[in-house]
Amino acid sequence: TVRLWDVSSMECVRVLRAHSDPVMSCAFSPDNTILASGGVDGICRIWDAASGAALKSLVSPRNPPISSLVFAPNGRFILISTLDDAARLWSVTPGKVAKTYQGHRNKDHFVFSTFSVGRNRLVVSGSEDGHVCVYDLQTQSMVAKLRAHNDLVAAVDAHSSRSMLASGGGHK
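This structure is a prediction, so every number in the text was calculated from the model and none was measured. (Residues numbered from 1 in each chain as written. Predicted model: local features only at pLDDT ≥ 70, side-chain atom pairs only at ≥ 80, totals over all residues. Heavy atoms only, no water.)

### Comments concerning the pattern of salt bridges
Here is step 1: Summed over the entire model, instances satisfying the criterion amount to six salt bridges.
Here is step 2: In this structure, aspartate 108 and arginine 105 form a salt bridge, with 3.7 Å as the shortest nitrogen-oxygen distance.
Here is step 3: Notably, a salt bridge pairs aspartate 129 with lysine 145, separated by 3.5 Å at the nearest N-O pair. In this pair, aspartate 129 is assigned in the loop between strand S12 (121-126) and strand S13 (131-136) and lysine 145 in strand S14 (residues 142-147), connecting sequence segments 16 residues apart.
Here is step 4: A relative accessible area of 41% means that lysine 145 is categorised as partly exposed.
Here is step 5: Look at the salt bridges and you will find they share partners, linking Arg62, Asp84 and Arg88 into a network. (Salt bridge = Lys/Arg side-chain N within 4 Å of Asp/Glu carboxyl O. Helix = DSSP H or I, 4+ residues; strand = E, 2+ residues; numbered from the N terminus. Buried < 20%, exposed > 50% of the residue type's maximum accessible area, 1.4 Å probe, protein only.)

Put into structure tokens, the structure is as follows:
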């Protein structure tokens, strides 16, 4: 279930029911017109943010659980990380996989991926083996594997204007 909240009144204004299992990630498009949600059911639902109308569903052939999703800065693509060691770049229209990034480990935990859009257009993913994996957005090749933590790297983010990444993970 996804709930939309009016922060000024602190009230739930809409409930979107379309996932059969828990929702693990949701994100608004950069222009705030579209909402995407993804969960353990392996389905990414695309919603009209104003009306709550379901617009489409993005489903991978093997349907692995979704660990995270994020819109590209241009709003035309969604990067979806799944529990099959992959992050896929989906075109919102027509709803097809455009690119697949592999080399990080994501089988058991919900690991996040994101974009880094400085001079070098990159995809960045956490990994269950303690690394931050950095991929070239266009070629899909891994350009760096940074030893970041002693355990799972679950969270990653990229600074919007500086050449800087952040990672969060566990230490045993």
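Next, the rest of the story.
### Some details on the sheet that holds strand S4 (residues 34-39)
Here is step 1: In spatial order, the strands read S3-S4-S5-S6; together these four strands make up an open sheet with antiparallel pairing. Looking at the sheet topology across the chains shown, the edges are occupied by strand S3 (23-28) and strand S6 (54-59). Averaged over all adjacent pairs, the angle separating strand axes in this sheet is 20 degrees, with direction ignored. (Pairing = 2+ DSSP bridges. Axes fitted to C-alpha atoms, helices over the stretch in contact; angles between N-to-C directions.)

### A few points about the environment of aspartate 84
Here is step 1: Relative to the helices and strands, aspartate 84 resides in the loop between strand S8 (77-82) and strand S9 (86-91).
Here is step 2: Measuring from C-alpha to C-alpha, the distance between aspartate 84 and tryptophan 5 comes to 32 Å, with 79 residues separating the pair along the chain.
Here is step 3: What aspartate 84 contacts, discounting residues up to four positions off in sequence, is Arg62, Pro64, Asn106 and Lys107.
Here is step 4: Here arginine 88 takes part through its side chain, which lies 2.7 Å from a polar atom of the side chain of aspartate 84. (Contact = heavy atoms within 4.5 Å. Polar contact = N/O pair within 3.5 Å; in protein donor to acceptor, adjacent residues only side chain to side chain.)

### Concerning the pairing of strand S11 (residues 113-117)
Here is step 1: The buried fraction of S11 is high, at four of five residues.
Here is step 2: Across five bridges, the pairing between S11 and S12 is antiparallel. Counted as the bridge partner of phenylalanine 115 is valine 123 from S12.

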